[in-house]
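Summary of the model geometry
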Amino acid sequence: MAHGQTLKIAHCYDGCPVGAEDSNHLIVRPIYALSYDTITKSADWVAYKLSPGSIGIASSLSREAVHDDYVEDTLQEEDFLGLEDLDLERSQYVSLVDFAGTPFWSDVNYLTNSVARTRSLSQGAWYGLDWSIRNYVNRQGPVYVLTGPIFDTEDAEAVSAALGIDTSHRVPDKFFKVVVNNLGQSAAFILPQSAAVHVHHCEMIASIEDIESLTGLDLFSVSTPKLDDSIYSGLGCR
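Residues numbered from 1 in each chain as written. Predicted model: local features only at pLDDT ≥ 70, side-chain atom pairs only at ≥ 80, totals over all residues. Heavy atoms only, no water.

On to the pattern of salt bridges, then. In this structure the tally under the stated criterion is six salt bridges. The partner of D73 in a salt bridge is K41, with the nearest N and O atoms 3.7 Å apart. On the criterion of sequence distance, the pair formed by D73 in the loop between β3 (42-50) and β4 (88-92) and K41 in the loop between β2 (33-37) and β3 is long-range, its members being 32 residues apart. Overall, the relative accessible area of 40% leaves D73 in the partly exposed class. Look at K41 and you get buried, because its relative accessible area is 8%. D98 is the partner of R134 in a salt bridge, and the nearest nitrogen-oxygen pair spans 2.7 Å. Of the two residues, R134 sits in helix α1 (residues 119-140) while D98 sits in the loop between β4 and β5 (114-118), which places them 36 residues apart along the sequence. The residues R134 and D98 share a single accessibility class, namely buried. (Salt bridge = Lys/Arg side-chain N within 4 Å of Asp/Glu carboxyl O. Helix = DSSP H or I, 4+ residues; strand = E, 2+ residues; numbered from the N terminus. Buried < 20%, exposed > 50% of the residue type's maximum accessible area, 1.4 Å probe, protein only.)

By definition, the strands of a sheet pair up through backbone hydrogen bonds, in either a parallel or an antiparallel sense. Judged by pairing direction, the sheet is mixed, and its seven strands sit side by side in the order β1-β2-β3-β6-β7-β8-β9 without closing on themselves. Where the open sheet ends on each side, the last strands, each with one partner, are β1 (25-28) and β9 (226-227). Pairing geometry for strand β6 (residues 143-150) and strand β7 (residues 174-181), over eight bridges, is antiparallel. What sits directly across from P149, in β7, is F175. Contacting β3, β6, β7 and β8 (185-192), α1 runs over the sheet at an angle of about 5 degrees to β7. Those strands touched by helix α3 (residues 208-215) are β6, β7, β8 and β9, and its axis lies near 45 degrees from that of β8. (Pairing = 2+ DSSP bridges. Contact = heavy atoms within 4.5 Å. Axes fitted to C-alpha atoms, helices over the stretch in contact; angles between N-to-C directions.)

With that out of the way, let us pick up the nonpolar core. If you look at the biggest cluster of nonpolar residues, it comprises 63 residues, and the most contacted ones within it are W45, I133, L219 and L235. For this core, the elements supplying multiple residues, two or more each, are β2, β3, α1, β6, β7, β8, α3 and α4 (229-234). No other element matches the seven residues that α1 contributes to this core. Leaving out residues up to four positions away in the same chain, I133 has contacts with L50, V143, V145, K177, V179 and L235. Counting ten residues, the second-largest nonpolar core is a separate cluster that includes A65, L88, L163 and I165. (Core = buried A, V, L, I, M, F, W, Y, C linked by side-chain atoms within 4.5 Å.)

Moving on, we get to the packing of aromatic side chains. The full count for this structure, using the stated rule, is six aromatic pairs. Between F189 and Y232, the ring centres sit 5.7 Å apart and the planes meet at 70 degrees, which makes this aromatic pair edge-to-face. One end of the pair, F189, is in strand β8; the other, Y232, is in helix α4, and 43 residues separate them in sequence. Here F189 and Y232 have matching classes, each one buried. Ring pairing ties together the aromatic residues Y13, Y144 and F220, which thus form one cluster. (Phe/Tyr/Trp six-rings, centres within 6.5 Å; stacked < 30°, edge-to-face > 60°.)

Here is the key point about a regular strand: its side chains alternate between the two faces of the sheet. With four bridges joining them, β1 and β2 adopt antiparallel strand pairing. Bridging from a neighbouring strand, H25 pairs with Y36 of β2. Counting the residues that bridge the hairpin from β1 to β2 gives four residues.

For α1, which comprises 22 residues, the first-to-last C-alpha distance of 30 Å matches the rise-based estimate of 32 Å (1.5 Å per residue) to within 8%. When the local axis directions of α1 are compared, the greatest deviation, roughly 40 degrees, occurs at W126. Positioned one or two residues after α1, G141 has a phi angle of 110 degrees, which is positive. (Expected span 1.5 Å × (residues − 1). Bend = angle between axes of the 7 residues up to and from the residue.)

Moving on to the side chain of S35. You can see S35 is positioned in strand β2. When its relative accessible area of 5% is taken as the criterion, S35 is described as buried. Within polar-contact distance, the side chain of S35 engages the side chain of N24 at 2.9 Å. The contact partners of S35, leaving out residues within four places of it in the chain, are A20, N24, H25, S42, A43, D44 and W45. (Polar contact = N/O pair within 3.5 Å; in protein donor to acceptor, adjacent residues only side chain to side chain.)

The following block contains the structure:
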């Protein structure tokens, strides 16, 4: 890239996050972009644009994990097996339903889009927030979504055995999600892995500044969208 040029990726709202490790793999696919960290074995951020036409019915679509040829050093499908006793399951940053209406739905099954998430969070606040975002999109139009992990500890070895495997990795302690509409109005959430299934996503409202402080990322490298009550209201909050 020539000096002074800016890399623009359509999946990101007004600039993709900066601050991830230089060794990360930037992967851009038709339906999302992500920055994959081979140390934690998780994307540091994932960005996508959700529209009414992309949402579809996923009941008959495969959820089988797909090896990513762009990144060799990922967790493998077998690394996610036998997690029931830990209340964990292989989940996806970008959900299948969000892009089941496109020809590229299978891209969500790449292991670089996979992460270990608690069943209670997946079935509770994460599911509720995703449902609310889709409902908002169907009523109001497209939104940009930015999501990723939050790690509370710097000690990778302390959590590397969380999946019961020898491969060095990190299991996120929390996740963040920011929703931005075309007017630059936004809503932000921090979703803890420890959340009980009955806890509503509206109890997890956060600020963009808090997320940036916890992740070390500049989430919006050109201009930061403003949190807006109308977006929270549209997502079932306030």
